[in-house]
Amino acid sequence: MSYLFKEISKKWQQKWQEKKVFYTKEDVSSPKYYCLEMFPYPSGKMHMGHLRNYSIGDVTARYHRALGYNVLYPMGWDAFGLPAENAAIENNLSPKDWTIGNIAQMRYQLESIGLSYDWEREQITCLPDYYRHEQEMFISFLENGIAYQKESDVNWDPVDNTVLANEQVIDGRGWRSGALIEKKKLNQWFLKITDFAEDLSDSLDSLKDWPESVKVMQKNWIGVSEGALIDFEILTIDNIENNIYNFYNFDYKINENQKKELEIEIKNNIKSLNLNKLTIYTTKPETIFGASFIAISIEHELVKKIESYFTIIDNFLFNLKKTDKKKLNNQFNLKKTEELKKFIDECKLYYEIINKKIKKSEEIEKIGFFTGFYAIHPFYNEYPDSIQKLIPIYIANFVISDYGTGAIFGCPAHDKRDYEFAIKYQLPIKPVVKPLIQSSQEEDINSDHKSDTIISSLHKDIDYKTYKYNPIPYIESGIIFNSGPIDGFTTEDAKKFIINKLESSGFGLGKKKYRIRDWGISRQRYWGCPIPIIYCPKCGTIPVDRSDLPILLPENPDFEKSGNPLIYDDSWRVTKCHICGSNAQRETDTFDTFFESSWYFLRFCSKKDEKNLNISDLKKWMPVDQYIGGIEHAILHLLYARFFVRALSKCGYFNKDDIGGILEPFKSLLTQGMVCNMAFKDENGKWINGQDSYIQKDGSYICKKTSRKLYPVGVEKMSKSKFNGINPDDIIDNYGADAARLFILSDSPPDKNLEWSNTGIDGAYRYLNKIYTIAEDLSKKNEKIKLIDIALKIKAEYLNNKNIFNKSFNNEISYFIEQITLKNLCNPDILKKIHRYIANVSDDIKLFKINKAIAKIRELSNLYFHCESDFDKIFLIIVVIILLSPITPHLSEEIWEMFGFTEIYGMLSEIRYWPDYNKQIINESIINLPVQLNGKLKGIISIYSDMSEESIVKTAIDNISALSNTIYKNKDHNHSNNLDYEKNQIGKIIKKVIYIPQKILNIII
């Protein structure tokens, strides 16, 4: 009988479903294990990335069930979003119908792979029984000061006609549409993620089982910087006659009466403008003695006040011009207010160039507008000889409005942007930091004198010779000079001194600032969760009453008009205020879809019929033990999820002890690599499907269908636009779910990219077919009956002494294998290797080296050809399919049943079955072997006495860094841990291997 994989898969999937094998058990006696993948958007079709991601998760869940854990492994659907709305418009369907239909199709596909999900806990975020809870969460956020509304400049996607958060703008383009982002001012709802920035950053260090790259990406995005807030007094009127004369550039002096009139006019208005203090933020307070200008952003609150100030003077001079035409020449023909507006418009053009990635910010010319105002240096009165008293205030295009305070002091000698700006506007450049040591033959960083190598006596232990002289602008750390009380300090000590000085004198304070901005959650689309807010003319902006939740979307949106159909739906938008009964209007914006995915892992802890988050369920399951998803979500989703846990805790939904003792949702994180395939273009440079091509003798590619020549671009991520995708349905239909799973997990480590290979999937199928054929043949042997009899006796022995054996053995299967071993019912050498492979495969799966686990299982199965008796062969195949079962569950169940073990123990999927290994047997055959590279000792490895020379060499390279760094020195991200690549490299680099068995290994390169 042949390997009928379709029938086998259908048979076992039906059995699992009938017995509800994967439904989460209410078992408090077993340790819990919560395994979760990032839930998918229901696009309607599963792709190979889905297949890989979910196969990794399924192996993890099945492995922990086999170990005896009570596993929670749910699945749901991130079902709101613009693609559904756009597709519904194109297909003349409602977004809900389109989405629910896609979910049904994708669920069928996921079930066909044999994934062991608890479908009883399925969550669909577009249904009211899910999103009503997040509407209530939003009201709680509002009540606790976490949610707020403000008018702001937003990122507007002109294709999707909606606002995007900063994190959703990639290289100036919308993360979904790819459209160039525009800036607009809109009233938006925000969540105060900045209130949690410090904790979000600091707590990353506690996530020991997260990839370091993800933690670095989040730290950089949060962007903590330590510096100081410094208050500068603004000088509004200082020698008004000269100020006006110079600033307005007209060639006569106003008379005393006119001067007094102007002073009175300014003084009458200046108090209302509150032009007395300007607070700046700097990360280099130690350079404050080198400050030569202050720059503010065009959006700084001071700009509007300055504009009002200009208007006072402009109006005065305009009236003066009308009454005194002879004295005022024609040079005065443009008001300062108009000059300022023109400058601001010019800055906006620069920002547009940056946003569209035409130029980088550092490539943009630094321009400024002198305001006519000066600030007084806060330390001038105390150190007048070391400081420029009056510091001009500019508006500049390189100052960012939403970082710090939107104002900086410029120290041109020690900042590249400040230096460019100072050169352009001929501002003073005063050096205050120099390298820790300089040659007396070189010019000092201060061009007025030679270096004298001044070193603070407090810092004689520093090796100054490691520092090299750099010209202005010098931006490294060093020694402070030209700075009064901090001369001779290192920059680090000077920073501390200045912050203490600012705080003690009342001019400022030390402050941490963060790059991250509050999360804008308003989206101007229909297909999202309605924001539970109403606008009442009497009561103002208020949340809906909780008793009115959920606020449902209207069923039949009208997409005839562009934009958000909720705006035009009066029957939905117009409502009554629950407080005063007046006519009111609903908020027509909907939540950003990341809102739904920021808490779904909490919802999975309880059954679908639970009304809200259940504390006892959260205590039972949180945190998620293993989270799996793409690296592309390292910032957006993962950061929002971490924030949500903290925000909900602040609102009283739970405390940290309710979710595992830490306010972190995901204990361990695996970011799986992408599935890639060769991509092709035609002679016109357009992407073309080349999956049916063949290679000619000259190496060129020809399309089988059209006979056209194809031009390979390289191995690219599978995508629809590049026509290099593989349909998982076709693979499952032609090779079976188990073969698809085996190949997608065997060729590369889960966290690395996988290159698709037709020969690879063929090989996976042939291997499983071979195992099935061997098992089927062995099942007809008499030795099978013998093994069943032995298994029944061992089971009875185990059950009679269960209380004793439970302390020594993880499960009945472990006891069965141990008894076969102790009673020497198999060849001792075969048994030793079986236990060794059980240990190695267990370790590999635990460490997510699933590809290496598969390689070892295949090695183990090759022992079949070294077995002399049918009994040994049957026992070996039993162990092979046990180890394969998390990876190829259908085949394993079939062979398990074929040998009669299902009747004895039950289905593998419903029992504890992962085998223990005999440590004593393994340790007896371990030898410590010295390893040399070109005759020099590089390390010692532990090997088994019967290992082949090839395996020993590979073990040495994998475990001694001096060898692996040499052999795999050109290994990149995609090749890391790729078995074929490693084998090829070993063959290329190693010239000779000298191995004296069990004594020493010398590798010659």
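Treat the numbers as computed from the prediction; the structure is a model and nothing was measured. (Residues numbered from 1 in each chain as written. Predicted model: local features only at pLDDT ≥ 70, side-chain atom pairs only at ≥ 80, totals over all residues. Heavy atoms only, no water.)

1. Looking at the packing of aromatic side chains
Right, on to step 1. Taken as a whole and assessed by the stated rule, the structure comprises 61 aromatic pairs.
Right, on to step 2. Between Phe343 and Phe369, the aromatic rings sit 5.7 Å apart at their centres with planes inclined by 40°, giving tilted as the arrangement. Of this pair, Phe343 sits in helix H11 (residues 336–355) while Phe369 sits in strand E13 (residues 368–376); the two residues are 26 residues apart in sequence, bridging distant segments of the chain. Both residues of the pair, Phe343 and Phe369, belong to the buried class. (Phe/Tyr/Trp six-rings, centres within 6.5 Å; stacked < 30°, edge-to-face > 60°. Helix = DSSP H or I, 4+ residues; strand = E, 2+ residues; numbered from the N terminus. Buried < 20%, exposed > 50% of the residue type's maximum accessible area, 1.4 Å probe, protein only.)

2. Overview of the pairing of strand E36 (residues 992–996)
Right, on to step 1. As paired strands, E36 and strand E37 (residues 1000–1004) are joined by five bridges and run antiparallel to one another. Considered in E37, the bridge of Lys992 is made with Ile1004.
Right, on to step 2. Linking two consecutive strands that pair antiparallel, namely E36 and E37, is a turn of three residues; a positive phi of about 65° is found at Gln998 within it. (Pairing = 2+ DSSP bridges.)

3. With respect to the packing of helix H3 (residues 82–91) against helix H4 (residues 95–112)
Right, on to step 1. The geometry of H3 relative to H4 is characterised by a closest axis approach of 8 Å and an angle of 105° between their N-to-C directions. If you check the angle between H3 and H4, you find them roughly perpendicular. Contacts between H3 and H4 involve Ala84, Glu85, Ala87, Ala88 and Asn91 on the former and, on the latter, Pro95, Trp98 and Thr99.
Right, on to step 2. Per-class residue counts for the contact of H3 with H4 are five nonpolar, two polar and one charged. (Axes fitted to C-alpha atoms, helices over the stretch in contact; angles between N-to-C directions. Parallel < 35°, antiparallel > 145°, perpendicular 65-115°, else oblique. Contact = heavy atoms within 4.5 Å. Nonpolar A, V, L, I, M, F, W, Y, C, P; charged D, E, K, R; others polar.)

4. Quick word on the side chain of Asp418
Right, on to step 1. Assignment of secondary structure puts Asp418 in helix H12 (residues 416–425).
Right, on to step 2. Buried charged residue Asp418 carries no salt bridge. Nearest counter-charge: Arg417, at 5.1 Å.
Right, on to step 3. At 3.0 Å, the side chain of Asp418 forms a polar contact with the backbone nitrogen of Cys411.
Right, on to step 4. What Asp418 contacts, discounting residues up to four positions off in sequence, is Phe293, Phe398, Ile408, Phe409, Gly410, Cys411 and Pro412. (Lys, Arg positive; Asp, Glu negative; His and termini not counted. Salt bridge = Lys/Arg side-chain N within 4 Å of Asp/Glu carboxyl O. Polar contact = N/O pair within 3.5 Å; in protein donor to acceptor, adjacent residues only side chain to side chain.)

5. A look at the environment of Trp210
Right, on to step 1. Inspection of the secondary structure puts Trp210 in the loop between helix H6 (197–202) and helix H7 (212–222).
Right, on to step 2. The spatial distance from the C-alpha of Trp210 to the C-alpha of Ser668 is 5.6 Å, given a sequence separation of 458 residues.
Right, on to step 3. With sequence-adjacent residues up to four places away left out, Trp210 is seen in contact with Lys215, Gln218, Leu638, Arg642, Phe666, Lys667, Ser668 and Leu669.

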